[in-house]
Amino acid sequence: MGLLQLLKSQFLCHLLICYVFLVSGLLVNLLQFFTLPLWAFNRQLARKINCRLGYCISSQMVAVLDWWSGTECTLYTDPESYALYGKENAIVILNHGFEIDFLCGWTFCERFGVLGTSKVMAKKELAYVPLIGWMWYFQEIVFCKRKWEEERRTVIKSLRNLRDYPENFWFLLFCEGTRFTEKKHKISMEVAESKGLPKLKYHLLPRTKGFCVSVQNLRGTVTAVYDSTLNFRNNETPTLRGILSGKKYHADLYVRRIPLDTIPDDEAECAAWLHKLYQEKDTFQERYVQKGSFPGPVVNPPRQPWALTNWLFWTVLTLYPLVLLLLQLLQSGSTLTILSSLAVCVAASVAVRWMIGQTEINRGSSYGNKETALNNN
């Protein structure tokens, strides 16, 4: 282990990263609250400002993956589609098999300049979580409750609000609804058998209602669906802890661009289309397991310097007063004050890791319970 890698693995570094993220995030949230009056007078300007402010938070996490961890990303896609990425509105379908797949989705957005405008469909409770939840509220993220029937109208209204969005955006969807585990996969395949659907080997049965409603209400605004399948080389299973410790991974992402006008508008037909898509995704994963690669040409989209620049800016801005405070504490010689300050830092680290965990779509889903499994749709 080199000296730099040893430094990255130290808990003190993790504390400082968490401190910068926490303090800068709360400052950005405060700035977002100050934009509230602007929404009544110039909605489009408020949206643009909040895109930039939201980027200040989310890009820090991307910078940790890209620049601190040094994780590489290889993109498998055709040149015609590649030329359109970042230049059109799109629904991005992501598989949900890894702890950091949401972060890889953000990195995909960052490489094509749409991280600040990216959207997701998230559980409603997240709107009340500081930093990420508050940021998403001002970015007009689509929030919904667990029970779809209770929230369908709210989701439709939120989606239709995006029709006049002033900048290109990507709407990220984890159609499986929860992260893949063997237990959930077993229950999911029992559901597939009961409904006469083909079984999947590497994915859970997709939940179709959210996707179908998104297609119906974003038609005319979104021009394509990007079917994205993520995997990691050497059969690695990356973790947020590993990323914070500076461990380098290599992600392979296969992306197909599918024009939205080729997807049925009827809900039943749209659901059948999505099930077929996941059968194809399973085939791509099978190929990757056997050959170590996805089909198609390979592109390595370059890292953008903006995430690193933003991260360094907030690091300097937030660490400078902290260093001054620590120097004063050391000069005072008060053991109680020093221990109290360390306790605050540890609490901040725990809080940030908890909030990062809350950004996972449908965290704590009841999918694995047999009592709720048959309601999957």
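Residues numbered from 1 in each chain as written. Predicted model: local features only at pLDDT ≥ 70, side-chain atom pairs only at ≥ 80, totals over all residues. Heavy atoms only, no water.

**Some thoughts on helix α4 (residues 43-68)**
Here is step 1 of the chain: For α4, built from 26 residues, the straight-helix expectation of 38 Å at 1.5 Å per residue is met to within 8% by its first-to-last C-alpha distance of 36 Å.
Here is step 2 of the chain: Its axis deflected by about 35 degrees at C56, α4 carries its strongest bend there.
Here is step 3 of the chain: Extensive coverage of α4 is indicated by the burial of 19 of its 26 residues.
Here is step 4 of the chain: Just beyond α4, the residue with positive phi is G70, at close to 75 degrees. (Helix = DSSP H or I, 4+ residues; strand = E, 2+ residues; numbered from the N terminus. Expected span 1.5 Å × (residues − 1). Bend = angle between axes of the 7 residues up to and from the residue. Buried < 20%, exposed > 50% of the residue type's maximum accessible area, 1.4 Å probe, protein only.)

**Considering the packing of aromatic side chains**
Here is step 1 of the chain: On inspection of all chains with the given rule, the structure shows 25 aromatic pairs.
Here is step 2 of the chain: Judged by centre distance (4.9 Å) and plane angle (75 degrees), the ring pair of F98 and F232 falls under edge-to-face. Here F232 lies in strand β6 (residues 224-232) and F98 lies in the loop between β2 (90-94) and α6 (101-111), a separation of 134 residues in the sequence.
Here is step 3 of the chain: Judged by relative accessible area, F98 falls into the buried class, the value being 11%.
Here is step 4 of the chain: On the basis of relative accessible area, F232 is assigned to the buried category, the value being 2%.
Here is step 5 of the chain: Members of the aromatic cluster, joined through ring pairs, are Y82, Y85, F108, F112, W170 and Y226.
Here is step 6 of the chain: Against the face of W68 rests K8, its NZ or CZ located 5.5 Å from the ring centre. (Phe/Tyr/Trp six-rings, centres within 6.5 Å; stacked < 30°, edge-to-face > 60°. Lys NZ or Arg CZ within 6 Å of the ring centre and 35° of its normal.)

**What to know about the environment of A224**
Here is step 1 of the chain: Tracing the backbone shows A224 in strand β6.
Here is step 2 of the chain: Put simply, A224 and D261 are 37 residues apart on the chain and 7.8 Å apart in space, counted from C-alpha to C-alpha.

**So, the environment of T239**
Here is step 1 of the chain: When you line up the elements, T239 lands in the loop between β6 and α11 (240-244).
Here is step 2 of the chain: The class for T239 is partly exposed, based on a relative accessible area of 27%.
Here is step 3 of the chain: Put simply, T239 and Y249 are 10 residues apart on the chain and 9.9 Å apart in space, counted from C-alpha to C-alpha.
Here is step 4 of the chain: Filtering out sequence-adjacent residues up to four positions away, T239 remains in contact with E99, I100 and Y249. (Contact = heavy atoms within 4.5 Å.)

**Here we look at the nonpolar core**
For soluble globular proteins, the rule of thumb is that nonpolar side chains tend to be buried together.
Here is step 1 of the chain: With 63 residues, the main nonpolar core has L103, W106, W136 and W170 as its most contacted residues.
Here is step 2 of the chain: Here the element with the most residues in this core is α4; it accounts for 10 residues.
Here is step 3 of the chain: Grouped together as the second largest cluster of nonpolar side chains are 33 residues, M121, L173, L200 and I263 included. (Core = buried A, V, L, I, M, F, W, Y, C linked by side-chain atoms within 4.5 Å.)

**As for the side chain of N231**
Here is step 1 of the chain: Its place among the elements puts N231 in strand β6.
Here is step 2 of the chain: Judged by relative accessible area, N231 falls into the buried class, the value being 11%.
Here is step 3 of the chain: Setting aside its immediate chain neighbours within four residues, N231 contacts F98, H250, A251, D252, Q285, Y288 and F294.

**Points about the sheet that holds β2**
Here is step 1 of the chain: A sheet is described by the order of its strands in space; here eight strands give the open sequence β4-β3-β5-β2-β6-β7-β1-β8, paired in mixed fashion. A strand with exactly one partner marks an edge of an open sheet, and here the two such strands are β4 (142-144) and β8 (298-299).
Here is step 2 of the chain: Taken together, the five bridges between strand β1 (residues 72-76) and strand β7 (residues 250-259) define a ladder with parallel strand orientation. Note that in β7 the partner of Y76 across the bridge is Y254.
Here is step 3 of the chain: Sheet strands touched by helix α10 (residues 208-218): β2, β3 (119-123), β5 (170-173) and β6. Its angle to β2, the strand with the most contacts, is close to 165 degrees.
Here is step 4 of the chain: Along the sheet, helix α12 (residues 267-291) contacts β2, β6 and β7; its crossing angle with β6, the most-contacted strand, is approximately 30 degrees. (Pairing = 2+ DSSP bridges. Axes fitted to C-alpha atoms, helices over the stretch in contact; angles between N-to-C directions.)

**Brief notes about the pattern of salt bridges**
Here is step 1 of the chain: Within this structure, the stated rule accounts for 19 salt bridges.
Here is step 2 of the chain: Here D164 ties to R43 by a salt bridge, and the two come within 3.5 Å at their closest N and O atoms. Placement of the pair is D164 in the loop between α8 (148-161) and β5 and R43 in helix α4, with a sequence separation of 121 residues.
Here is step 3 of the chain: Relative accessible area serves as the criterion here: at 31%, R43 is assigned to the partly exposed category.
Here is step 4 of the chain: K248 is the salt-bridge partner of E72, the closest N and O atoms lying 3.5 Å from each other. On the criterion of sequence distance, the pair formed by E72 in strand β1 and K248 in the loop between α11 and β7 is long-range, its members being 176 residues apart.
Here is step 5 of the chain: Here the salt bridges do not stand alone but share partners, grouping D66, E72, R111, K248 and R303 into one network. (Salt bridge = Lys/Arg side-chain N within 4 Å of Asp/Glu carboxyl O.)

**Describing the confidence of the model for the chain**
Detailed reading of predicted coordinates is not advised where the pLDDT is low.
Here is step 1 of the chain: When pLDDT is averaged across the chain, the result is 88; 90% of the residues are at 70 or more.
Here is step 2 of the chain: Across residues 359-375 the pLDDT falls below 50, and counting only partners more than four positions away or on other chains, this stretch makes 46 contacts in the model. (pLDDT = per-residue confidence, 0-100.)

**Focus on the packing of helix α2 (residues 11-34) against α4**
Packed helix pairs are specified by the crossing angle of their axes together with the interaxial distance, meaning the distance between the axes.
Here is step 1 of the chain: The geometry of α2 relative to α4 is characterised by a closest axis approach of 8 Å and an angle of 165 degrees between their N-to-C directions. As far as their axial angle goes, α4 and α2 are roughly antiparallel. Along this stretch, α2 crosses α4, giving a crossing that reads as left-handed. Of α4, the residues touching α2 (which contributes C13, I17, V20, F21, S24, G25, V28, N29, L31 and Q32) are N50, L53, G54, C56, I57, Q60, M61, V64 and W68.
Here is step 2 of the chain: Grouping the constituent residues of the contact of α2 with α4 by class yields 12 nonpolar, seven polar and no charged. (Parallel < 35°, antiparallel > 145°, perpendicular 65-115°, else oblique. Left-handed = near helix turned anticlockwise from the far one by under 90°. Nonpolar A, V, L, I, M, F, W, Y, C, P; charged D, E, K, R; others polar.)

**So, the state of the cysteines**
Here is step 1 of the chain: This model, assessed by the stated rule, comprises zero disulfides.
Here is step 2 of the chain: Free of any disulfide, C51 has its nearest cysteine sulfur in C56, 11 Å distant.
Here is step 3 of the chain: There is no disulfide at C175, and the cysteine sulfur nearest it, in C212, is 8.9 Å away. (Disulfide = S-S within 2.5 Å.)

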